Amino acid sequence: MKVAIIGATGTAGRAIAATAQRAGHEVRGLSRSTGVDLHTGAGLGEAVRGADTVIDASNAFPADPGADLVATFADSTRRLAEACEETDVQRLVHLSICNIEQPVFDGFDYYVAKRAQEEVLQSTPLPYTIIRSAQWMEFALNPSAVTMTETEVRVEDWLIQPIAVTEVAEVLVRAVTTDPRDRQVAGPVTIRLPELTRELLAATGDPRRVVTVDASMTALSQGVLLAPSGAELLGPTPEEWVRGHSN
Ligand SMILES: NC(=O)c1ccc[n+]([C@@H]2O[C@H](COP(=O)([O-])OP(=O)(O)OC[C@H]3O[C@@H](n4cnc5c(N)ncnc54)[C@H](OP(=O)(O)O)[C@@H]3O)[C@@H](O)[C@H]2O)c1
């Protein structure tokens, strides 16, 4: 199959491209670095033309931090869905996040923006698949919860159920051919984010001290992000994943 991946240079996009290639698909990697811009639509139609499936693993933040994030994300998804419809793409596979519908996130712009992307897809005639993932293992160093200095790493006390991004990539690529259901995926065990960061730093020989700080929202430390009911739990465990990243 011909598979176009938008956001192909990102953390998820790179894993998806590698998985799709291994699965024998003809892969087209797209992002602004290949002249495709979800904010303006530049290059989009030509880039997806001829693809059987498009996988959207983008994270198209507005260049202006003061811009409306929700509208920017929704408009990006709308532009992509319209480009797919106009060029007879058969399916759009979209990467989203578990638990974004929880009321506690009503004032959290990023999750509201991810909800808005799903709503755009639900109103389009284009066949689509939404894969919602829990936080990835790579979240151990994610700047939205982790702040680094030369001597220490401050990590918010989130309780998460992380999944390896390579597992998420397998699920997205499977949706191209065999399993177009919407799905939710998470890792097999829960862990507090500072512990995951501490284990990763130790495995990679980073001597910095990990300091646990309060989560920006209490719910994050109480488990609002754990695997929702019905989610599929896919390995490896954090321990196995960290071992695979040791120096
Ligand atoms: N981090 C997690 O734990 C997690 C969990 C579940 C779901 N997700 C979701 O996974 C998705 C991917 O996240 P990620 O961390 O892999 O993203 P990332 O590493 O920040 O990569 C973002 C990708 O989007 C492209 N991009 C950004 N702006 C664009 C634009 N205007 N037009 C076209 N392409 C653009 C980037 O390439 P260029 O800069 O070259 O354009 C890059 O390829 C996000 O939607 C996120 O919500 C993340």
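The structure under discussion appears in the preceding block.
Let me sum up the structure you'll find in this document. Computed from a prediction, not measured in an experiment: that's the story for all the values here. (Residues numbered from 1 in each chain as written. Predicted model: local features only at pLDDT ≥ 70, side-chain atom pairs only at ≥ 80, totals over all residues.)

Thoughts on the overall build of the chain
Helix and strand content of the chain: eight helices and twelve strands. Relative to a compact globule of 247 residues, whose C-alpha radius of gyration would be 18 Å, the chain shows 18 Å and is just as compact. The buried share of the chain, taken over its 247 residues, is 44%. In the chain, the proportion of contacts linking residues at least 24 apart, taken out of those at least 6 apart, comes to 79%. (Helix = DSSP H or I, 4+ residues; strand = E, 2+ residues; numbered from the N terminus. Rg over C-alpha atoms; globule rule 2.2 N^0.38 Å. Buried ≥ 20, exposed ≤ 12 C-beta atoms within 10 Å, placed from the backbone. Contact = placed C-beta atoms within 7 Å.)

Section: helix α4 (residues 109-122)
For α4, built from 14 residues, the straight-helix expectation of 20 Å at 1.5 Å per residue is met to within 8% by its first-to-last C-alpha distance of 20 Å. Regarding α4, the residues found buried are Ala113, Lys114, Arg115, Ala116, Gln117, Val120 and Leu121. Residues of α4 that are buried in the fold lie against α3 (69-86), β4 (91-97) and β5 (128-133). (Expected span 1.5 Å × (residues − 1).)

Focus on the site of the ligand
As a structural note, the neighbourhood of the ligand is formed by 27 residues, with Gly7, Gly10, Thr11, Ser31 and Arg32 the closest of them. Elements supplying a minimum of two residues to the shell around the ligand: α1 (11-22) and β4. Ranked by residue count, the leading element in the shell around the ligand is α1, at three residues. (Near = placed C-beta within 6 Å.)

Some thoughts on the packing of α3 against α4
Between α3 and α4, the least distance of the axes is 8 Å, while the angle of their chain directions is 25°. One way to sum up the angle between α3 and α4 is to call them roughly parallel. The two elements α3 and α4 meet at a crossing, and its hand is right-handed. Judged by residue contacts, Leu69, Val70, Phe73, Ala74, Thr77, Arg78 and Ala81 of α3 engage Asp109, Tyr110, Val112, Ala113, Lys114, Ala116, Gln117, Val120 and Leu121 from α4. The residue inventory of the contact of α3 with α4, partitioned by class, reads eleven nonpolar, two polar and three charged. (Axes fitted to C-alpha atoms, helices over the stretch in contact; angles between N-to-C directions. Parallel < 35°, antiparallel > 145°, perpendicular 65-115°, else oblique. Left-handed = near helix turned anticlockwise from the far one by under 90°. Nonpolar A, V, L, I, M, F, W, Y, C, P; charged D, E, K, R; others polar.)

A few points about the environment of arginine 209
Topologically, arginine 209 is positioned in strand β11 (residues 209-213). Residue classification places arginine 209 among the exposed positions, given that 11 C-beta atoms sit within 10 Å. Spatially, the C-alpha atom of arginine 209 lies 34 Å from that of aspartate 106, the residues being 103 residues apart in sequence.

Some points on the pairing of strand β1 (residues 2-6)
Burial analysis of β1 places four of its five residues in the buried class, the great majority of the element. Looking at chain direction, β1 and strand β2 (residues 26-30) are connected through five bridges and run parallel. Note on β2: the bridge partner recorded for valine 3 is valine 27. In this view, the connection linking β1 to its parallel neighbour β2 by way of α1 has right-handed handedness. As paired strands, β1 and strand β3 (residues 53-56) are joined by four bridges and run parallel to one another. If you follow alanine 4 over to β3, its bridge partner there is valine 54. (Pairing = 2+ DSSP bridges. Right-handed = clockwise from strand over helix to strand, strands pointing away.)

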